[in-house]
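A structural walkthrough
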Amino acid sequence: MPNRLVHETSPYLRQHAHNPVDWYPWGEEAFARARAEDKPILLSIGYSACHWCHVMERESFEDEVTARDMNALFVNIKVDREERPDVDHIYMNAVQLLTGHGGWPMTMFLTPDGKPFYGGTYFPPEDRHGMPAFRRVLHGVAQAYREKRDEVEDHTGKLLLDLRRVDALVPGAAPPEARLVAAAAEALSRAYDEVNGGIGQAPKFPNATVLELFLRAHGTTGERRYLDLVTHTLRQMARGGIYDQLGGGFHRYSVDARWLVPHFEKMLYDNAQLVPLYLAAYQLTGEAPFAAVARETLDYLLREMRDPGGGFYATQDADSEGEEGRYFVWEAAEVRRLFDEGTAALVERYWDITPSGNFEDRNIVHVTLEVEQLARLFKRDVEEVRRTLASARATLLAAREQRVKPGRDEKILTAWNALAIGAFARAAEALDDDRYRNAALDAVSFLTATLQQGNRLCCTCKDGVARLNGYLDDYAFFAAALLDVFELTQDPAHLDHAVQLADAMLAHFWDADAGGFFFTSDDHEALIVRSKPAFDSALPSGNSVAARALLRLYHHTGHAPYLTHAEAVIKLFAGAVREQPFGLANMLGAIDFYSRQPCEIVVVVPGTGDHDLLRRIRQTYVPNRTLRVVDTSRNEPLPALLEGKGLVGGLETVYVCRGRTCSPPATSWEAVAPLLRS
């Protein structure tokens, strides 16, 4: 008999629909039963691509004896963290306060009114490596709830106060100064791994917001070393096992310091955030491999993660055929069956494929040396080796396609899709590729038609059915993406759409007392805490994205309240930014935009011609930019910023403004390029 989760749309919840556990989805039915029977709640939070979530399901949730204990002692609730980041955020803070660490699967024990009193992450079926057996935890928690109720209630009260303090910030008197960006970058660079790239040691995450901060510090200070930190990291990642060498796209993170052994799940949000970094590295260095990685990653999303309607799926699983990474790893014998002896030797040396393996007797494909080095080693022509490797890569990918593929979570999340839209829009500009332009526009159309109702958003869609109130991330990320699409297309409908979402965000998420945005809207389900997210996680914080989007909107529209609210956000987080720059790297990006002022670029183009200056501007890395294009062949009313700006000598003409000062008109790249760098 399936349990209640069989009626849910979340693929993760449906994975648990045939557990013998009497699971409830998050909702009043479960809490009403807990109150009626005076039972504690066991809350289990995870997501479909999570390897250890699958392990705990196999070991405990599918075990009849464990399930019987769970059903007898608790009301059991299963939550998909990707559908309910509001619930996940609160109880992840709780487990971190209780244990000092967090992660998924998350296992929390709550009173019938939802207050946490004990929790952890993964629990094994037997005592192991200092972790108590899950069944022992179940009985201990249930006994404490029955016999030590006063202690439990006292503990929950203190923990609830701590949870409310997590997001409690006092606004500063003034916004942080511009030098804070360089100071934060300097502090963070001390944790840089000079050998392998990235921040810290194992496990190692891409930390896209920190890498972007280094790029900003390079622009602010002119110091080459910040650019070198980023390019070194991006090269090392692209050579490692964290990058899918055959199919493109990045896995979640690396369990080791050198990017070799990944957790094999692939997340839409990771890939969407890494693409703009590789594009920026390409724009700043002109090195083609950076552009190639960006293309391969976007092409992976189009090939394997795109819904027929134009949206993008959430995740691809780590496991296939019951094994983590089985789809992605190789045995040397498999390779030798696909190629002649000479080609096999080349392939094995380049991608480190050996009989003994580099991961559980199999091989994670990763790059061991440069193509030029390989050619010298095998005494062959470089271009011939390059062609052989390209052909071999296609052969290996085709062979891999015959395997059982990892599961795919086909729900479509508004915030994550917005990140993907921004990545495709930036790639369309930097690489001058209409395929990416069309992908961005199709995804905008999908979100607008399926996940937007009036000026309000839903957060998730599965099989064409949208549900659940949108969160701050949905509004902020989508508004930011629409601004990227507007600057790409210059279609004012996208600017108007961004304004609509920003106005709804201000109306329903703004904290009128302390400033900043709550994670949930004013008409959202009441939870034990109304969170105001400050810190970047795997995603940039919603407040930081909202602040930057409002600043961009102000400079595009001149509407003063956007600037006022952005300033209030920045002031609210000023103290936290100084103390914890690693967790607020994306807020530092908003501070950089605010304090340095954007580079406001106006390009006036004749109705016909090559528009070479516009193309070059699009291919130049300018982190704080607004871009407007005036086509003189159209008789359209112009915003105040554009008035009085026309062609010079009938040629494509560029005006660059900073603050309230505009450059003289420029009609050659030699004149324009220095204006973009100043």
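Everything below is about the structure shown above.
Only a predicted model underlies this, so the values are computations on that prediction, with no experimental measurement involved.

Re the packing of aromatic side chains
Per the stated rule, a full pass over the model turns up 25 aromatic pairs. Plain terms: the ring middles of Y243 and F250 are 4.7 Å apart, the flat faces sit at 50° to each other, and that makes the pair tilted. Considered together, Y243 and F250 belong to a single accessibility category, that of buried residues. Judged by centre distance (4.6 Å) and plane angle (80°), the ring pair of Y269 and W416 falls under edge-to-face. Residue Y269 is found in helix α11 (residues 268–285), and its partner W416 is found in helix α17 (residues 414–431); the two are separated by 147 residues along the sequence. Since its relative accessible area comes to 3%, Y269 is described here as buried. Owing to a relative accessible area of 6%, W416 belongs among the buried residues under this scheme. By the ring-pair criterion, three or more aromatic residues cluster together here, those being W23, F61, F123 and F134. Above the ring of Y47, the side-chain terminus of R81 is found at 5.4 Å from the ring centroid. Over the ring of W104 we find R81, and its NZ or CZ is 4.0 Å from the ring centre.

Remarks on the state of the cysteines
Applying the stated criterion to the full structure yields two disulfides. Between C50 and C53 runs a disulfide, and the two sulfur atoms are separated by 2.4 Å. Judged by the torsion about the S-S bond (80°), the C50/C53 disulfide is right-handed. For the residue pair C50 and C53, the accessibility class agrees, reading buried in each case. There is a disulfide in this structure between C657 and C662, and the S-S distance comes to 2.0 Å. Linking C657 and C662, the disulfide has an S-S dihedral of approximately 100° and is accordingly described as right-handed.

Concerning the environment of E370
Tracing the sequence through the fold places E370 in the loop between α14 (341–351) and α15 (371–378). Placed 223 residues apart in sequence, E370 and F593 show a C-alpha to C-alpha distance of 38 Å.

Section: the nonpolar core
Formed by 155 residues in total, the largest nonpolar core has its most connected members in F214, Y278, W416, I421, F478, M505 and F517. In this view, F214 contacts A185, L188, S189, I199, Y226, L229 and V230; residues no more than four positions away in its chain are not counted.

Some details on the packing of helix α12 (residues 288–304) against helix α18 (residues 434–450)
Close contact between α12 and α18 brings their axes to 12 Å; oriented N to C, the two are set at 45°. Relative to α18, the element α12 is oriented oblique. Crossing of α12 over α18 shows left-handed handedness. Here α12 contributes R295, L298, D299 and L302 to the contact with α18, which in turn contributes R435, Y436 and A439. Considered class by class, the residues forming the contact of α12 with α18 number four nonpolar, no polar and three charged.

Rules used in this analysis
- Residues numbered from 1 in each chain as written.
- Predicted model: local features only at pLDDT ≥ 70, side-chain atom pairs only at ≥ 80, totals over all residues.
- Heavy atoms only, no water.
- Phe/Tyr/Trp six-rings, centres within 6.5 Å; stacked < 30°, edge-to-face > 60°.
- Buried < 20%, exposed > 50% of the residue type's maximum accessible area, 1.4 Å probe, protein only.
- Helix = DSSP H or I, 4+ residues; strand = E, 2+ residues; numbered from the N terminus.
- Lys NZ or Arg CZ within 6 Å of the ring centre and 35° of its normal.
- Disulfide = S-S within 2.5 Å.
- Core = buried A, V, L, I, M, F, W, Y, C linked by side-chain atoms within 4.5 Å.
- Contact = heavy atoms within 4.5 Å.
- Axes fitted to C-alpha atoms, helices over the stretch in contact; angles between N-to-C directions.
- Parallel < 35°, antiparallel > 145°, perpendicular 65-115°, else oblique.
- Left-handed = near helix turned anticlockwise from the far one by under 90°.
- Nonpolar A, V, L, I, M, F, W, Y, C, P; charged D, E, K, R; others polar.

Shape is all these values report; function is a separate question.
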